[in-house]
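This is what each chain is made of:
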Amino acid sequence: MIKAILIFNNHGKPRLIRFYQYFAEDMQQQIIRETFHLVSKRDDNVCNFLEGGSLIGGSDYKLIYRHYATLYFVFCVDSSESELGILDLIQVFVETLDKCFENVCELDLIFHMDKVHYILQEVVMGGMVLETNMNEIVAQVELQNRMEKSEGGLSGAPARAVSAVKNMNLPEIPRNINIGDINIKVPSLSPF
Amino acid sequence: MALKIVKGSIDRMFDKNLQDLVRGIRNHKEDEAKYISTCIDEIKQELKQDNIAVKANAVCKLTYLQMLGYDVSWAAFNIVEVMSSSKFTFKRIGYLAASQCFHEGTDVIMLTTNQIRKDLSSPNQYDTGVALTGLSCFVTPDLARDLANDIMTLMSHTKPYIRKKAVLIMYKVFLKYPESLRPAFPRLKEKLEDPDPGVQSAAVNVICELARRNPKNYLSLAPLFFKLMTSSTNNWVLIKIIKLFGALTPLEPRLGKKLIEPLTNLIHSTSAMSLLYECVNTVIAVLISLSSGMPNHSASIQLCVQKLRILIEDSDQNLKYLGLLAMSKILKTHPKSVQSHKDLILQCLDDKDESIRLRALDLLYGMVSKKNLMEIVKKLMLHVDKAEGTTYRDELLTKIIDICSQSNYQYITNFEWYISILVELTRLEGTRHGHLIASQMLDVAIRVKAIRGFAVAQMATLLDNAHLLTGNTQRNGICEVLYAAAWICGEFSEHLEDPMQTLEAMLRPKVATLPGHIQAVYVQNAAKLFATVLQKHEGETDSQAAQETSQLLIDRLPLFVQSANLEVQERASCILQLVKYIQKLQQKNVEVAEEVTALFAGELNPVAPKAQKKVPIPEGLDLDAWINEPPSESESEDEKPKAVFAKEEPKHYRSRNTEVDEKELARRREVRKQEQANNPFYIKASPSSQKVYDAPGVEHIPVVQIDLSVPLKVPGMPMSDQYLKLEEERQQKEKAERKKKEKKKKREKRGKGRKADSGPESEEDITPAQHVDIVTEEMPENALPSDDDDKDPNDPHRALDIDLDNLLSGFSSRPLADSEKLPVRTHRPEVLKSPAEDRVSESVPPETKKKSSKEKKEKKKDKEKDRKRSKEEKKKKKKHKEVEEELLESQPEEPVQSEETKEAAAPPTSTSAEASDLDFWLSSAPVPPAAQEVTVPSSAVETSSAAVPESEPDEPKDTEPEDTKSSKHKKKKQKKEKEEKEKKKKKRHHHHHHHGEAGGEDSVQNGTVEEEEPLPPMSNYSVLAENSFIKMVYDIQGNHQDESKVVVSIIFENKSDSFLKSMEFNVLDSLNSKLQRPEGAGPHDGLTVPFQLPPGVSNEARFVFSVQSIVMPQKLKGTLTFIVKSDESSTHEKLDFKLHFTCTSYLITTPCYSDAYAKLLESGDLKGSSLRLEGINMPFHHLLARICFHHHFSVVERIDSCASMYSRSIQGHHVCLLVKTSDQTVSIDAKCDEPSLLGNVLDELKQTFSKC
């Protein structure tokens, strides 16, 4: 069983969290912090397994993670999962993201957390691996996106048209552009 | 209305969407919290609008905020609203939000049941998919119970996408609602052979998860998994299966033998490292399990270890890690083979990667010997100094202690060294394991008598330097060791060099800053020291010094009397008064030392950790029973005292509650454990495997002789390194001496002798520095052996330990009882009802009925489509038919478990083949006879008698004569099985048309109705008595062990809504049959039923009867008396019944082999009788199944419409039947060595069949 899937960046900012067991929000944040603390201090050339210990679950659980450019993908699993298998799964998941977002970068995850969730839902369900075939995952995700489009999407055309207008009135807009460009490095999750 | 919509969409223009929110948050880095709180206000406004799109947008944003740690549970209701939107876009958002923030405590979850059900049956597969995904995250026991049936239906959905999701979610359903496992399992098993690889993988996944916790129940699936393993190419599936086999092999060594070959093939053929690693892992598990049953697999183990060495030496850190991990598995059973790689493992201790170091540490545990312990620990101590993070350092600390204390300090040759190590460890700052060190100190000081002198000296130094330990931080965990130090110094104060100095150290004002429980020990032990000092001074007749000592205590103790800690305060004031009194006596020149010392006389012995638990409960002690009846509610209400200051916690009234809060109990237990751990009188022993239970008296404990080559006192803080050098010197000296002695001998047999010497040093070579005596822990005299106390009662998987073999094999097994059906859709289930009751009170409301009939129509359409297609594809047809069958089953009117019961009632001859399939499959390999017992599934008592023939392991082939011929041709047999299965499928399918017809919905499709009809669910339980309060059903079973006893199992079901208690069961004994009563009870006393029944609950009790003659059926009159307790009143009720002991109930299902059967008939000892039954229109195999089930017979042989059957009575009478059928007439020729018994059995047989 997979107990939790966490994605955060090099600074520990969560980009996606998915717990398959209930934790209160503050506990979730604490787990993210501690996991980040554990993972971030490890070199890139050490092994990808970590004993989470008291963090979640106890001694039967392991943290299995991969580090891509600016993002950490951390899976917390118990001993029924194969360690190397989960590493492969993370790779499959990231490659799927890459296909769905076309050269995925951290920004995609930041602004489309919901979509990343929908993709993840096709890979892991309720803590168990649902599908490992990338083509199948992508096909299902796309079919659902198409359905959403046929329904007009969430925001709908009129709102989108107006959003440009409404942005013009906002005083923050110049700041918005500047800070956005300086602070956000656009990383490519390179080695695929 | 139109205006409203327009207004809504204008509002929407100014709403932020998720992207806007994210952007906004990124732009307000300085005042993020403030910005978000305004956003939340906006969201709240948006949620108030009617427009569902606005709401969905708001919920989407909330999901994002939840990730950032904001509690969004206040919007739970809005999330439900969005979930129930008809648009997929919104629904998906709703379910996503729900899956992120709903949990069992979310109260709106119960509103979702019908919505989810609707979505599950939606024609759009993605609606269903989204609902399944969401549900998998927040399923609750209620949802699981209500939706289990719907999900089960989806397991046979036409779309693989839905099937695989439905299969996966079943695991979650099982966890929350274990009752669903048995009814759902056959279908789950079918999915293992689903044509879609995704579905197959999901089913493997679920079964592996289930089997991991309760492997024995899934052993019978091994052949199926084996087939999958050899045929599948999906690595994911393979990994899971191989992992599963790893869990199964310890239960069945024969399985391991079969596995070795395909696994080695896989190792050679696969390129996937993950698969290869799992294969190696399972091979290790196999070898481990084999080695326990068979000699000499050391070569294969060696091979595995070699392979792992290659992994560990690999440059890939991941492989290195996994290699070490697998190595530790071998370590448990084959420590020797791992020990030879000590160099490599010690090398890994220096790895830069913490994970790898930790794994290497684990391995060290098995590496140590008497010789290298000191060396290894020294190395670890170096690491402790270097370690940067506290977690790794703490881990090192626990490992050092583990390694040293393992197997009752087996490897420690010098305890002075160990004490020094412990003292050195106290210098660690900020460790959490102070209590661990403390408990070790206590343990060693108490159990190794010889070391006490040294230990006390060290502890005194520790106390003297306490300021170094307590250091700066208050919360420092290390100060726990002061607890141990103070206690040791006090308890063994006679060893102290200068007790006065220690006493002073213990009474320093700084002590008051220590935690309360430590202060308490300080105070108590100061008193002990005081006694010692007094005695010393009086011995020297130095009354001046003695009085000074008293004065010191009188001066210092008031500090503790003021302590905020109650314990400290109490002890201090007691002792203060005592000392004051002593001072008075001293001033009168009275000698008091002896009396004061007497206060602390006597030695404390260690007590085994589980000793308390193992004290048998004295007879007649019932802690649950009321001593005095609790006052009724109204009374206590009146007496409730008025709160004086504030509301008092209603703790005093807790006893009123019949069920004390579980949590509270657990908390109390925890507190008690904590207390015990901290209390020196409960001494926790090291986890020792070799306990010697010869509990000697204190006098007999041999006193350790101390080797004088070791200096007794080391001034100041001890350095463990000194011991290392000393030890080396000592060993060298010894060796030299030995060598001198043995030189001559060696010369003589040099050739052989060398080899032994160069190998790992043998333990015998090392003589310990001290003769160590470990005082064993004391156990109560009549301790009960019980080792199952480690299981966690809260583990949800315990509930899933359900015997599934019976279900699978079907033959003479426990069919799904009525109470096991999945509840069919009910309108609004009441929250606290048990599923069994649900069914009773179930009335399908018209609304759902309509819905279901609508669905039926849709399904009918589907079916017709299917049928057209079926002409083209014959194979597919079967599958679709199955689907139909599931669909039909979901109709509320139809019993859900019909399919399962059919399976249970299937012909015995064909299913028995399946039952012993595992044995057969495995028996193609040579079988170690001892191992066979393992295969017998331990089934519940109530099924055991029925399950006997299949679980009889001796010669499985004989029970299935058809298969004996083909026993060597495995493939042939498999084919046969397949055919049988297909046949069954066909039959099932026909049957369903039949049912559809009965429902009046479907026209007759196939023209002919199969003559095979399903049996109704069979149960041996018959009604004993019933009134408006209680219902009793009973079953009587004999037992092999005792020829004069039968067990009557009675299920009591509380039908009222009151509480039933004090049930007393009594029977008027006859000359022949007597109720077994406990010793001391009179012949007319009733037996108390050992439980009480809350409303709607049923429970089973067993009563043993002794019988003398079993040839005649008997009836016994009896009465059940009980108290009905409702809120207002309690009344005494009674219920009369008649227990009917049939002759059948004295029969025990016993398998018999055809040759033994023939001999028996030939012997001529048996007398014959016969019986004809007319107008029996049931299929022959059903007839046989009935005889087997109701009358405890087993089939010996069956040829066409003729079968021979056998059974045995508890007193060893043989009963043989020859059953023939032709044209609705059944003739039974019977033989038995007791004619009257036979006559009665035949009468009962006749009765059984006249009922149907």
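Residues numbered from 1 in each chain as written. Chains lettered and ligands numbered in written order. Predicted model: local features only at pLDDT ≥ 70, side-chain atom pairs only at ≥ 80, totals over all residues. Heavy atoms only, no water.

### Comments concerning the interface of chain A and chain B
Put simply, the rule is: Contact between two residues is taken to exist if any of their heavy atoms lie within 4.5 Å; hydrogens are not considered. As a working definition, buried area equals the accessible area (1.4 Å probe) given up by two parts on being put together, with both sides summed. Any carboxyl oxygen of Asp or Glu within 4 Å of a side-chain nitrogen of Lys or Arg constitutes a salt bridge here. Under the scheme applied, nonpolar residues are Ala, Val, Leu, Ile, Met, Phe, Trp, Tyr, Cys and Pro; charged residues are Asp, Glu, Lys and Arg; polar residues are all the others, including Gly.
At the interface, 71 residues of chain A touch 78 residues of chain B. The junction of chain A with chain B conceals about 6900 Å² of combined surface from both sides, 55% of it contributed by carbon and sulfur atoms. Summed over the shared surface of chain A and chain B, the result is eight salt bridges. Salt-bridge contacts for B:K164 lead to A:E131; the nearest nitrogen and oxygen are separated by 2.6 Å. Among the residues forming the side of chain A that touches chain B, the class breakdown is 29 nonpolar, 21 polar and 21 charged.

### Remarks on the packing of helix α11 (residues 181–190) of chain B against helix α12 (residues 197–213) of chain B
All names here are of chain B. The following threshold applies: In this analysis, axes come from line fits to C-alpha atoms, helices being fitted only over the stretch in contact, and the angle between any two N-to-C directions falls in the range 0 to 180 degrees. Secondary structure elements are defined from DSSP: runs of H or I of at least 4 residues count as helices, runs of E of at least 2 residues count as strands, and each element is numbered from the N terminus. An angle below 35 degrees is treated as roughly parallel, one above 145 as roughly antiparallel, one from 65 to 115 as roughly perpendicular, and anything else as oblique. Crossing handedness is read from the near helix: turned anticlockwise from the far helix by less than a right angle, it gives a left-handed crossing, and turned clockwise, a right-handed one.
At a closest axis distance of 11 Å, the pairing of α11 and α12 adopts a crossing angle of 140°. Considering their axes alone, α11 and α12 lie oblique with respect to each other. With respect to the hand of their crossing, α11 and α12 are arranged in left-handed fashion. On α12, the residues that touch L181, F185 and L188 of α11 are A203, V206, I207 and L210. For the contact of α11 with α12, the class distribution of residues is seven nonpolar, no polar and no charged.

### Considering the sheet that holds strand β8 (residues 1114–1125) of chain B
All names here are of chain B. Where we set the bar: Any two strands with at least two DSSP-identified bridges between them are counted as paired.
Spatially, β6-β4-β8-β9 is the arrangement adopted by the four strands of the open sheet, whose pairing is antiparallel. Both outer strands of the open sheet, β6 (1087–1088) and β9 (1130–1141), are each paired with one neighbouring strand and no more. Bridging between strand β4 (residues 1059–1067) and β8 involves seven bridges; their strand directions are antiparallel. By the bridge assignment for β8, E1064 is matched with T1121.

### Remarks on the packing of aromatic side chains
Aromatic ring pairs: the centre-centre distance and the angle between the two ring planes describe each pair. Put simply, the rule reads: Side-chain rings of Phe, Tyr and Trp, where Trp is taken by its six-membered ring, are said to pair if the distance between their centres is within 6.5 Å; with planes under 30 degrees apart they count as stacked, over 60 as edge-to-face, and otherwise as tilted. In this scheme, the term charge over a ring applies when either NZ of a lysine or CZ of an arginine sits within 6 Å of the ring centre and within 35 degrees of the ring normal.
This model, assessed by the stated rule, comprises 21 aromatic pairs over all chains. Note on A:F49 and B:Y321: the rings are 4.9 Å apart at their centroids and 40° apart in plane angle, and the pair reads as tilted. You can see A:F49 sitting in strand β3 (residues 49–51) and its partner B:Y321 sitting in helix α18 (residues 317–333), one on each of two chains. A connected cluster of aromatic rings, assembled from ring pairs, spans A:F8, A:F36, A:Y65 and A:Y72. In this arrangement the basic side chain of A:K3 is found over the ring face of A:Y61, its NZ or CZ atom lying 4.2 Å from the centre. Above the ring of A:Y118, the side-chain terminus of B:R92 is found at 3.8 Å from the ring centroid.

### Considering the confidence of the model for chain A
Detailed reading of the predicted coordinates is not advisable wherever pLDDT falls low. All names here are of chain A. Just so we agree on the cut-off: Looking at any residue, its pLDDT shows the predictor's confidence there, from 0 to 100.
Confidence along chain A averages 79 in pLDDT terms, with 76% of residues attaining 70 or more. Per-element mean pLDDT across chain A ranges from 37 in helix α7 (residues 173–183) up to 94 in strand β6 (residues 124–125). Across residues 157–192, confidence stays below pLDDT 50; counting only partners more than four residues off in sequence or on other chains, it has 39 contacts.

### Brief notes about the sheet that holds β3(A)
Residues and elements named next belong to chain A. Ordered in space as β2-β1-β5-β4-β3, the five strands form an open sheet in which the pairing is antiparallel. Two strands lie at the open edges of the sheet, namely β2 (14–19) and β3, each paired on one side alone. When strand polarity is set aside, the average angle formed by the axes of neighbouring strands in this sheet is 20°. Bridging between strand β1 (residues 2–9) and β2 involves five bridges; their strand directions are antiparallel. Note that in β2 the partner of A4 across the bridge is F19.

### Remarks on the pairing of β1(A)
All names here are of chain A. We apply this condition: Under the scheme applied here, a residue whose accessible area is under 20% of the maximum for its type counts as buried, over 50% as exposed, and between as partly exposed, the area being computed with a 1.4 Å probe on protein chains only.
Across the eight residues that make up β1, a large majority, eight, are buried. Pairing between β1 and strand β5 (residues 71–77): seven bridges, direction antiparallel. Each bridged residue has a counterpart across the sheet, and for N9 the counterpart in β5 is L71. Counted between consecutive antiparallel strands, the loop separating β1 from β2 contains four residues, among which G12 sits at a positive phi close to 85°.

### Topic: a nonpolar patch on the surface
Residues and elements named next belong to chain B. Heads up, the rule is: Note that patches include only residues with greater than 30% relative accessible area and no salt bridge, and the join distances are 9 Å for like charges and 5 Å for nonpolar side chains (Val, Leu, Ile, Met, Phe, Trp, Tyr). Surface exposure here means Shrake-Rupley accessible area, sampled with a 1.4 Å probe, where a residue is shielded only by the protein chains that are shown.
On the surface, F77, M110 and L111 cluster together to form a nonpolar patch covering roughly 340 Å² of accessible area. Examined against the element boundaries, L111 turns out to sit in the loop between α6 (88–101) and α7 (113–120). Relative accessible area serves as the criterion here: at 48%, L111 is assigned to the partly exposed category.

### A word on the environment of B:Y95
Residue and element names in this part refer to chain B. The line we're drawing: The definition of a polar contact used here is a pair of N or O atoms within 3.5 Å, where within protein one atom must be able to donate a hydrogen and the other to accept one, and adjacent residues in sequence count solely through side-chain atom pairs.
Checked against the element boundaries, Y95 lands in helix α6. For Y95, a relative accessible area of 2% gives the class buried. The sequence separation of Y95 and M83 amounts to 12 residues, and the corresponding C-alpha distance is 5.7 Å. Separated by 2.7 Å, the side chains of Y95 and D119 make a polar contact.

### What about the pattern of salt bridges?
All names here are of chain B. In this structure the tally under the stated criterion is 40 salt bridges over all chains. Put simply, K399 and E395 hold a salt bridge, and the shortest N to O gap is 3.4 Å. Taken together, the residues span about one helical turn, with K399 and E395 both in helix α23 (residues 390–409) at a distance of four residues. Accessibility expressed as a relative area gives 30% for E395, which makes it partly exposed. Salt bridges linked by common partners bring R359, D362, E395 and K399 together as one network.

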